[in-house]
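The chain contents come next:
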Amino acid sequence: MLSAEPSQAPPAAAPPEPVAALDAGWRADPVLRAALVAGLLLRATPGLLWVADGCVRDECTYIKLAARFAAGEGMTGSAGWIWAPGYPVLLGLAQLVFGVPHAIKPFQVAAGLVNVVLVYLLAARASEGSRRAARIAAWLYAISLHMAFFSVRLWSEVLYSTLLLGALLLLLRAREAVGAPGAAWLRRAAAVGAMAGGAVLFRGVATYMLPLLMVGLVWGRLGLRRAYLQAGLVAALATAVVAPYSAYATHKFGGFILSDRTMGQMMWLGNNDFEPITFDYGNGQLSKRAFSRTKAKGRRPCGDKHDPLDRDRCQAEAGRRWIQAHPAEFLRRIPQRLAQLTNPHSLLTRHLRWGKFKGMPQWLDELLILGGALGSTLTMVGGAAGLAIRGKGAQSALFSSILLYHCAAIAALAGLSRYRVPLEPLLMVYAATLLADPAAAAAALRAQPYRIALLTVILAIGLPLVLAYLPSGWPWWGRW
């Protein structure tokens, strides 16, 4: 029987002292400070040199949505899409206050530096207080070309990552406080819910992470009443954050909307007679002509283009019918979409191949493309291996469930390297635990042989997916 009073609940084990020390003293860590300086330079330099260098694809749509918001139209649809409001609204506010949406970039650079600290603290917990692992994780994020690129472009990924990483750190701290006196266990849970709600307003896909966060609070403590109270508070605060916009959008568009309505368009991109569409360099339809040729091979978009809710419903239903008519083809495409998600090249490669960073010598372009691909490969492979070898407890269960959930969503819809950006920091945390102490990793494999089997399965599935599109970033190579 559950305890009637929170004070009667068995106290949770206090976090190891090294973790508490890192929480309190991260500001004084000279290695972390150096990582923050390096991260700032890596982001500020291109941000200053190419501060307003136009837009590409979805960036242009963000700018249009922001301009309409700044003009007093509120959130609007675009070509049949109803996007989550968080990022367009922020761009619209930047337009109103500073005159240009590009003014959001310094805030994104600052958010990137916050993320350096967040992965530092998350890695400390994943490694049971290893300062070395925390420092390695911070440096992996700080010097990631992939992450730096998104800090200085008009994409929502960096700010969304801050909300996600912040919610995860607060969740772990809420678990640590659940048996302690005072109200910290409630305050931290409330903050988790608020940040989770903010994440939903940035990305509709975050909606279905909310149950995972709630399970993360209860994991390993099924008999603890306070854990259930925390989970309920997370749900309540997330609902309170999302509900006002949901009510507004539902009224404006004439049908229920929680945050976004984009699944129908994603179904059209990935479950159609043409191969799943992506916009990455070397494996996607980059020009308007190529995109038009591809679209001509499949079913035409259905629904009223000027009624984005109607279009989303129609497209989603058409996608479901296509899957029912082509079950074998749907299954065949799952590895392809996951390979598109784990493509080591990112939109940075596309940007460089298109010559968007004007004035840079080609040799530097090539170094950045190579560095970006190698960095993402190390993060994905090392992170997956680290999670299999060193992962334990609620944190590894939570991170694993979030990663698997996103992979499942991509497997069913459409893949693009951009969707991986918020996930790489989670993998950096566990790549750092592996790099920080290889001897401990070897000892873990010897002590728990099941981890060898788990690692073998993960690498057997993951390596071919990660490497599938590796050649695509180099025109002279192109494919295996």
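Note that this is a predicted model, so its numbers are computed, not measured.

**Concerning the overall build of the protein**
Part 1 of the reasoning: A tally of regular secondary structure across the protein gives 21 helices and zero strands.
Part 2 of the reasoning: The C-alpha atoms of the protein give 22 Å as radius of gyration, which agrees with the globular expectation for 480 residues (23 Å, within 12%).
Part 3 of the reasoning: C-alpha extents for the protein along the principal axes are approximately 65 × 55 × 50 Å.
Part 4 of the reasoning: Taken across its 480 residues, the protein has 54% of its residues classed as buried.
Part 5 of the reasoning: Within the protein, residue pairs in contact and separated by at least 24 positions form 78% of the contacts whose partners lie at least 6 positions apart.
Part 6 of the reasoning: Carbon and sulfur atoms provide 67% of the accessible area of the protein, an area that totals close to 20,300 Å².

**Side note on the pattern of salt bridges**
Part 1 of the reasoning: Applying the stated rule across the entire model yields 18 salt bridges.
Part 2 of the reasoning: Between aspartate 312 and arginine 261 there is a salt bridge, with the nearest N and O atoms lying 3.0 Å from each other. In this pair, aspartate 312 sits in helix H14 (residues 308–325) while arginine 261 sits in the loop between helix H11 (225–253) and helix H12 (263–270), placing the two residues 51 residues apart along the sequence. Of the two residues examined, aspartate 312 and arginine 261, each falls in the buried class.
Part 3 of the reasoning: The salt bridge involving glutamate 424 is made with arginine 420; its shortest N-O contact spans 2.8 Å.
Part 4 of the reasoning: One salt-bridge network, in which partners are shared between bridges, spans Asp23, Arg125, Arg173 and Glu176.

**So, unusual backbone geometry**
Part 1 of the reasoning: Non-glycine residue arginine 57 carries a positive phi angle of around 45 degrees.
Part 2 of the reasoning: Looking at where arginine 57 falls in the secondary structure, it is placed in the loop between helix H2 (30–49) and helix H3 (58–70).
Part 3 of the reasoning: We classify arginine 57 as partly exposed; its relative accessible area is 26%.

**Here we look at the state of the cysteines**
Part 1 of the reasoning: For the structure shown, the criterion picks out two disulfides.
Part 2 of the reasoning: Between the sulfur atoms of cysteine 55 and its disulfide mate cysteine 60 the distance is 2.1 Å. Because the sign of the S-S torsion sets the handedness, a value of about 100 degrees for the bond joining cysteine 55 and cysteine 60 places this disulfide among the right-handed ones.
Part 3 of the reasoning: A sulfur-sulfur separation of 2.0 Å characterises the disulfide bridge that pairs cysteine 302 with cysteine 314. For the disulfide bridge between cysteine 302 and cysteine 314, the dihedral angle about the S-S bond is near -130 degrees, and by the sign convention the bridge is left-handed. With cysteine 302 in the loop between helix H13 (288–295) and H14 and cysteine 314 in helix H14, the pair connects residues that are twelve residues apart, well separated along the chain.
Part 4 of the reasoning: A relative accessible area of 17% means that cysteine 302 is categorised as buried.
Part 5 of the reasoning: Ordinal numbering of bonded cysteines along the protein defines a disulfide pattern of 1-2, 3-4.

**With respect to H11**
What sets the pattern is the α-helix's 3.6 residues per turn: residues three or four places apart point alike.
Part 1 of the reasoning: With 29 residues, H11 extends 41 Å from end C-alpha to end C-alpha; this agrees with the ideal 42 Å at 1.5 Å per step.
Part 2 of the reasoning: Approximately 40 degrees is the largest bend angle found in H11, and it occurs at valine 242, with the proline proline 244 only one to four residues beyond.
Part 3 of the reasoning: Among the residues of H11, Arg226, Ala227, Gln230, Ala231, Val234, Ala238, Val242, Tyr245, Ser246, Ala249 and Phe253 are the ones counted as buried.
Part 4 of the reasoning: Close packing links the buried residues of H11 with helix H8 (157–177), helix H9 (184–202), helix H10 (210–218) and H14.
Part 5 of the reasoning: Directly after H11, the chain includes glycine 254, whose backbone phi takes a positive value near 85 degrees.

**Quick word on the packing of H10 against helix H18 (residues 393–412)**
Part 1 of the reasoning: Running from amino to carboxyl end, H10 crosses H18 at an angle of 165 degrees, the nearest separation of the two axes being 9 Å. Here H10 lies roughly antiparallel to H18, going by the angle between them. For the pair H10 and H18, the sense of crossing is right-handed. Across the interface between the two elements, Leu212, Leu213 and Gly216 from H10 touch Ala394, Leu398, Ser401, Ile402 and Tyr405 from H18.
Part 2 of the reasoning: For the contact of H10 with H18, the per-class residue count stands at six nonpolar, two polar and no charged.

**With respect to the environment of leucine 435**
Part 1 of the reasoning: With respect to the helices and strands, the residue leucine 435 is situated in helix H19 (residues 424–436).
Part 2 of the reasoning: For leucine 435, the residues in contact, after removing those within four places along its chain, are Arg132 and Ile136.

**Details of the side chain of aspartate 29**
Part 1 of the reasoning: Checked against the element boundaries, aspartate 29 lands in the loop between helix H1 (17–25) and H2.
Part 2 of the reasoning: Note on aspartate 29: relative accessible area 1%, which makes it buried.

**Examining the confidence of the model for the protein**
Part 1 of the reasoning: With 96% of its residues at a pLDDT of 70 or more, the protein has an overall mean of 92.
Part 2 of the reasoning: Scored below 50 in pLDDT, residues 1–14 makes 17 contacts in the model with residues more than four places away or belonging to other chains.

**A few points about the packing of aromatic side chains**
Part 1 of the reasoning: By the definition in use, this model includes 15 aromatic pairs.
Part 2 of the reasoning: Where phenylalanine 399 meets tyrosine 430, the ring centres are 5.8 Å apart and the plane angle is 80 degrees; that geometry is what we call edge-to-face. Taken together, the residues phenylalanine 399 in helix H18 and tyrosine 430 in helix H19 connect sequence positions 31 residues apart.
Part 3 of the reasoning: Cluster of aromatic residues (ring-pair linked, three or more members): Trp50, Phe149, Phe150, Trp155 and Phe357.
Part 4 of the reasoning: Directly above the aromatic system of tyrosine 160 lies the positively charged group of arginine 203, at a separation of 5.2 Å from the ring centroid.

Rules behind the numbers
- The residue numbers shown here count from 1 along each chain, following its written sequence.
- With the structure being a predicted model, the display of local features is reserved for residues of pLDDT at least 70 and the display and counting of side-chain atom pairs for 80 or more, all residues being used for whole-chain, interface and lining totals.
- Excluding hydrogens and water, the side-chain values take into account all heavy atoms of the structure.
- By the criteria applied, helices consist of DSSP H or I runs no shorter than four residues and strands consist of E runs no shorter than two, each listed in order from the N terminus.
- Each radius of gyration is computed over the set of C-alpha atoms, and the globule rule expresses the reference value as 2.2 Å times the number of residues to the power 0.38.
- Buried residues are those whose accessible area, probed at 1.4 Å on protein chains only, stays under 20% of the maximum for their type, while exposed residues exceed 50% and partly exposed ones sit between those limits.
- In this description, contact between two residues means that some pair of their heavy atoms is separated by no more than 4.5 Å.
- In these tables, accessible area is a Shrake-Rupley quantity obtained with a 1.4 Å probe, and a residue counts as shielded only by the protein chains included in the view.
- Any Lys or Arg side-chain nitrogen located within 4 Å of an Asp or Glu carboxyl oxygen qualifies as a salt bridge.
- Throughout, disulfides are identified as pairs of cysteine sulfur atoms within 2.5 Å of each other.
- Here the expected span of a helix is defined as 1.5 Å times the quantity of residues minus one.
- Values of bend correspond, residue by residue, to the angle between axes fitted over the seven residues ending at that residue and the seven starting there.
- For every element, the axis is a line fit to its C-alpha atoms; helices are fit only across the contacting stretch, and the angle between N-to-C directions ranges from 0 to 180 degrees.
- Any angle between 65 and 115 degrees counts as roughly perpendicular, while under 35 counts as roughly parallel, over 145 as roughly antiparallel, and the rest as oblique.
- A clockwise turn of the near helix away from the far one marks a right-handed crossing, whereas an anticlockwise turn of less than a right angle marks a left-handed crossing.
- By the convention adopted, Pro, Cys, Tyr, Trp, Phe, Met, Ile, Leu, Val and Ala count as nonpolar, Lys, Arg, Asp and Glu as charged, and the other residues, Gly among them, as polar.
- Residue-level confidence of the predictor is what pLDDT reports, using numbers from 0 through 100.
- Under the pairing criterion, centres of Phe, Tyr and Trp rings, with the six-membered ring standing for Trp, must be within 6.5 Å; the plane angle then separates stacked pairs below 30 degrees from edge-to-face pairs above 60, leaving the rest tilted.
- The criterion for a charge sitting over a ring is simple: Lys NZ or Arg CZ within 6 Å of the ring centre, and within 35 degrees of the ring normal.

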